[in-house]
Amino acid sequence: QVQLVESGGGLVQAGGSLRLACVASRRILSINVMGWYRQAPGKQRELVSTITSDGRTSYADSVKGRFTILRDNAKNTVYLQMNSLKPEDTAVYYCNADIDSIFKFWGQGTQVTVSS
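In short, a report on the structure. (Residues numbered from 1 in each chain as written. Predicted model: local features only at pLDDT ≥ 70, side-chain atom pairs only at ≥ 80, totals over all residues. Heavy atoms only, no water.)

**Digging into the nonpolar core**
Selection rule: To define a nonpolar core, start from buried Ala, Val, Leu, Ile, Met, Phe, Trp, Tyr and Cys residues and group those joined through side-chain atoms within 4.5 Å. Exposure is judged per residue with a 1.4 Å probe applied to protein chains only, and the accessible area is read against the type maximum: over 50% gives exposed, under 20% gives buried, and values in between give partly exposed. The helix and strand labels rest on DSSP assignments: H or I over at least four residues marks a helix, E over at least two residues marks a strand, and numbering proceeds from the N terminus.
Among the nonpolar cores identified, the biggest contains 30 residues, and Leu4, Met34, Trp36, Leu80, Met82 and Tyr93 are the most heavily contacted of them. Among the elements that make up this core, the one with the highest residue count is strand 9 (residues 91–99) (five residues).

**Concerning the sheet that holds strand 1 (residues 4–7)**
The condition that has to hold: Here, a strand pair is defined by DSSP locating no fewer than two bridges between the strands. For every element, the axis is a line fit to its C-alpha atoms; helices are fit only across the contacting stretch, and the angle between N-to-C directions ranges from 0 to 180 degrees.
Here four strands make up an open sheet; going across it, the order is 1-3-8-7 and the pairing antiparallel. Every other strand in the sheet has two partners, leaving strand 1 and strand 7 (67–72) as the edge strands with one partner each. Within the sheet, the average angular offset between the axes of one strand and its neighbour, ignoring direction, is 15°. Bridge count for strand 1 against strand 3 (residues 18–24) is four bridges, and the pairing is antiparallel. What sits directly across from Ser7, in strand 3, is Ala21.

**Brief notes about the state of the cysteines**
Inclusion rule: By disulfide we mean two sulfur atoms from cysteines, separated by a distance within 2.5 Å.
Applying the stated criterion to the full structure yields one disulfide. Here Cys22 connects covalently by a disulfide to Cys95, the sulfurs 2.0 Å from one another. Judged by the sign of its S-S torsion, about -80°, the bond between Cys22 and Cys95 is left-handed. Taken as a pair, Cys22 in strand 3 and Cys95 in strand 9 lie far apart in primary sequence, 73 residues in all. Taking relative accessible area as the criterion, Cys22 reaches 0% and is therefore assigned buried.

**Details of the side chain of Asn76**
Operational definition: Contacts described as polar in this section are N or O atom pairs within 3.5 Å, which, within protein, must combine one atom able to donate a hydrogen with one able to accept it, while residues neighboring in sequence count only if both atoms come from side chains. Whether two residues touch is decided by their heavy atoms; if any such pair falls within 4.5 Å, the residues are in contact.
With respect to the helices and strands, the residue Asn76 is situated in the loop between strand 7 and strand 8 (77–82). Here Asn76 falls in the buried class, since its relative accessible area comes to 18%. Of the polar contacts made by the side chain of Asn76, one reaches the backbone nitrogen of Ile28; its length is 3.3 Å. Setting aside its immediate chain neighbours within four residues, Asn76 contacts Cys22, Val23, Ala24, Arg26, Arg27 and Ile28.

**Some points on the pairing of strand 7**
Pairing between strand 7 and strand 8: six bridges, direction antiparallel. Bridge pairing in strand 8 links Phe67 to Met82. Where strand 7 folds back onto strand 8 in an antiparallel hairpin, the turn is made up of four residues, including Asn76, whose phi is positive at roughly 50°.

All we've got here are geometric facts, nothing functional implied.
Now the structure itself:
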């Protein structure tokens, strides 16, 4: 079992930045993949970014060059640094922990709203 707690969401103007944090209840080095997803109103949840236990990262095309996923193993925390935010980035952002592609855990989500 893994509990995930997200924080850092809020309201920001277009072009601004936010940093989301996801604190896990266990050592994140023991989790194969940590990721961030988002869900906008009326849309399906979509993958934003992932980071593996050995540090490999991936990004959705829509956020490449603007978002960066980071990991602090000592704090069991994964961050999503979001720069140059756009109104279309508005969504609830969820942290995800994937263990062996079998066990998937989700945080409660944090709202990000980008005004134009």
